[in-house]
Amino acid sequence: MPPIRTDWVEVRAESDIVHARQLVRRLSSEMGFRLVDQTKLVTAASELARNTVVHGGGGRLSWECIAEEGREGIRLTFHDCGPGIADVQLALKDGWSTGKGLGMGLSGTKRLVNEFEIESRPGRGTRVTITKWK
Amino acid sequence: MERIPILRMGKFLLITIQVDMHDTTALALQDDLMAKIARSGARGVLIDISALDVVDSYIGRMIADISMMSKLLHARTVLVGMRPAVAITLVELGLSLRGVKTALDVEKGMELLAAALEDGDAADQD
Amino acid sequence: MLAQSGLTDLLRNQTKQLHAQWMAELAAGLRADSRIGATELSEQTGEFLRILSEAAREGVWDGPQSPQLRPVLSFLDEVSRSRAIRGFTPEETATFVFSLKRPVFDHLRRRFEADPKTLADALWTATELIDSLGIHTFKAYQRTREEVINRQRTEMLELSTPVVKLWEGILALPMIGTVDSARAQTVMESLLERIIETGSTIAIIDITGVPTVDTLVAQHLLKTVAAIRLMGAECIISGIRPQIAQTIVQLGITLEGVTTRATLADALALALRRSGQTIAGTRPS
């Protein structure tokens, strides 16, 4: 089923992390997500946007407001052409970290959303797709 | 770059975070605060985040760091006003901020600091 | 096609007779019913035939999926919906459409008596149409029932999580029944909201009424305790029955850093002490 609305924004500079948070807050609140779910999705977006800027050397965030099987949701894809992650399974473990943070980046983010997909190859960049249903 | 103001209230410092912070703003706040504690000899720090609707792992880490650094400078930190949705999200994210003291609001945080100060001073005299 | 035109002709030109026969059929099938009056039923069937004949007028239809049937389907959605809400059974709801078969078949038989081949074709077209409408009705009925069940589930969740104020600054949440993820989440959220509203510094979660504590329930309790602490309040878990204490340890669950008490009364006493309050007896001792 095609998305109801879709678009993308650049995630290059540090200020784009703030913009990504504001964008996701606006979308989720417009779609009538519960406050707790809005907060979880915005937080997840913030984590992934920071990864894109800090580790991926910048990239883009594509967003879709979707509806299927009688439910509505938001799907966010963060895509960069940075160095990539050699061991994705390891990166998804609690406590794994390369930069600043508490090592909860990817594994914690996964717990905040309903669906989480990551594709990454060394030297070929990283693509993370998350979906949260209303 | 905008800076978060640090207010002095007697022996305590009060920081009210009201804006959606850039990562560099958070770093600058950490620097400013440490300098201010050292300069003023403050014994307690209150961080009021009741206006924040998102706290991610970066801000979480900043709060945990501030708490540990202040301790080295002989000042206690109390985090106040975290919203329910933010608390639920942080726990789900895996950040329980175990080393950080918390209180419902500025007033209760202030009481906590004052009580700790009394206990601490009494202990110092032993 | 002669067979189809027979059906179209019936729907367009003999609507009145068809309506009367259908009503007779429905009346025979259903006992006197307080859930729907004869007038309302007659209006419903009349309106349905009007919309169906309108669809027939649009020309040749290419089977039950034909787009010109859309208004018919959405009318049936409404009929099923209102019947599901009024407590009709699925059979009764589907009968609304299926009872149309006999009058239609009777008519077609009379009309094509001399031509068995066309009669068979016409019957097939009519069967296909009415069956698909019947199935659609059934699906719509089921959808409405699911909506009703979901709504009741949400209402029940809200009902089953009463957060009460025990004392100034002390809240209690007596949990009763099985705890699943959805319920644990609702419980946690309403407790946290009430802490803010009342400015309470201590929350007691009483699990006396929870039959079993498994790893999942324990995990939810631990998360709730952690979230409450982040907000600046304190959480005590009470009502841990002996066998539950045994299960918790046997499962290897650590409730480390969580204050627990055997009974709600013990928890309240602790909460009062921690918040610097005392209860004094009125009789001098």
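Residues numbered from 1 in each chain as written. Chains lettered and ligands numbered in written order. Predicted model: local features only at pLDDT ≥ 70, side-chain atom pairs only at ≥ 80, totals over all residues. Heavy atoms only, no water.

Take the overall build of chain A next. Each helix and strand in chain A was counted, giving four helices and five strands. When the helices and strands of chain A are read in sequence order from the N terminus, they spell out β-α-α-β-β-α-α-β-β. Each of the 134 residues in chain A was classed as buried or not, and the buried ones make up 51%. Within chain A, contacts between residues separated by at least 24 positions form 65% of all contacts whose residues are at least 6 apart in sequence. Split by element, the accessible area of chain A, about 6,400 Å² in all, is 49% carbon and sulfur. (Helix = DSSP H or I, 4+ residues; strand = E, 2+ residues; numbered from the N terminus. Buried < 20%, exposed > 50% of the residue type's maximum accessible area, 1.4 Å probe, protein only. Contact = heavy atoms within 4.5 Å. Areas by Shrake-Rupley, 256 points an atom, 1.4 Å probe, with all protein chains shown as cover.)

Taken together, the contacts link 24 residues of chain A with 22 residues of chain B. Together, the buried faces of chain A and chain B total about 2,200 Å²; carbon and sulfur atoms form 58% of this surface. Applying the counting criterion to the chain A and chain B interface returns five salt bridges. In this structure, the salt-bridge partner of Asp56 of chain B is Arg21 of chain A, at a minimum N-O distance of 3.5 Å. Elements represented by at least two residues in the side of chain A that touches chain B include exactly α1 (15-30), α2 (35-54) and α4 (105-112) of chain A. Element by element, the count of residues in the side of chain A that touches chain B is highest for α2 of chain A, at nine residues. Residue composition of the side of chain A that touches chain B, grouped by class: eight nonpolar, eight polar and eight charged. (Buried area = accessible area lost by both parts, 1.4 Å probe. Salt bridge = Lys/Arg side-chain N within 4 Å of Asp/Glu carboxyl O. Nonpolar A, V, L, I, M, F, W, Y, C, P; charged D, E, K, R; others polar.)

Using the criterion set out here, one finds 28 salt bridges over all chains in the structure. With its nearest N and O atoms 3.8 Å apart, the salt bridge here joins Asp37 of chain A to Lys132 of chain A. One end of the pair, Asp37 of chain A, is in helix α2; the other, Lys132 of chain A, is in strand β5 (residues 125-133), with 95 residues separating them in the sequence. Its salt-bridge partner being Asp56 of chain B, residue Arg50 of chain A comes within 2.9 Å of it at the nearest N-O pair. Residue Arg50 of chain A is found in helix α2, and its partner Asp56 of chain B is found in the loop between β3 (44-48) and α2 (57-72); the two belong to separate chains. According to the relative accessible area criterion, Arg50 of chain A is buried, its value standing at 7%. Residue classification places Asp56 of chain B among the buried residues on the basis of a relative accessible area of 1%. Salt bridges sharing common partners tie together Arg21 and Arg50 of chain A together with Asp20, Asp23 and Asp56 of chain B.

Time to look at the domain arrangement of chain C. On domain assignment, one finds that chain C holds domain 1 (2-155) and domain 2 (164-274). The C-alpha centroid of domain 2 of chain C is placed 55 Å from the C-alpha centroid of domain 1 of chain C. (Domains from an automatic or database assignment.)

Let's shift gears to the sheet that holds strand β2 (residues 59-68) of chain A. Consider a sheet: its strands pair through backbone hydrogen bonds, and that pairing is either parallel or antiparallel. All names here are of chain A. Strand order in this open sheet of five strands is β1-β2-β3-β5-β4, and the pairing throughout is antiparallel. Looking at strand neighbours, the two that pair on one side only are β1 (5-11) and β4 (115-121), the edges of this open sheet. Between one strand axis and the next, the sheet turns through 15° on average, direction left out of account. Across seven bridges, the pairing between β4 and β5 is antiparallel. Residue pairing in the sheet places Glu115 in a bridge with Thr131 of β5. (Pairing = 2+ DSSP bridges. Axes fitted to C-alpha atoms, helices over the stretch in contact; angles between N-to-C directions.)

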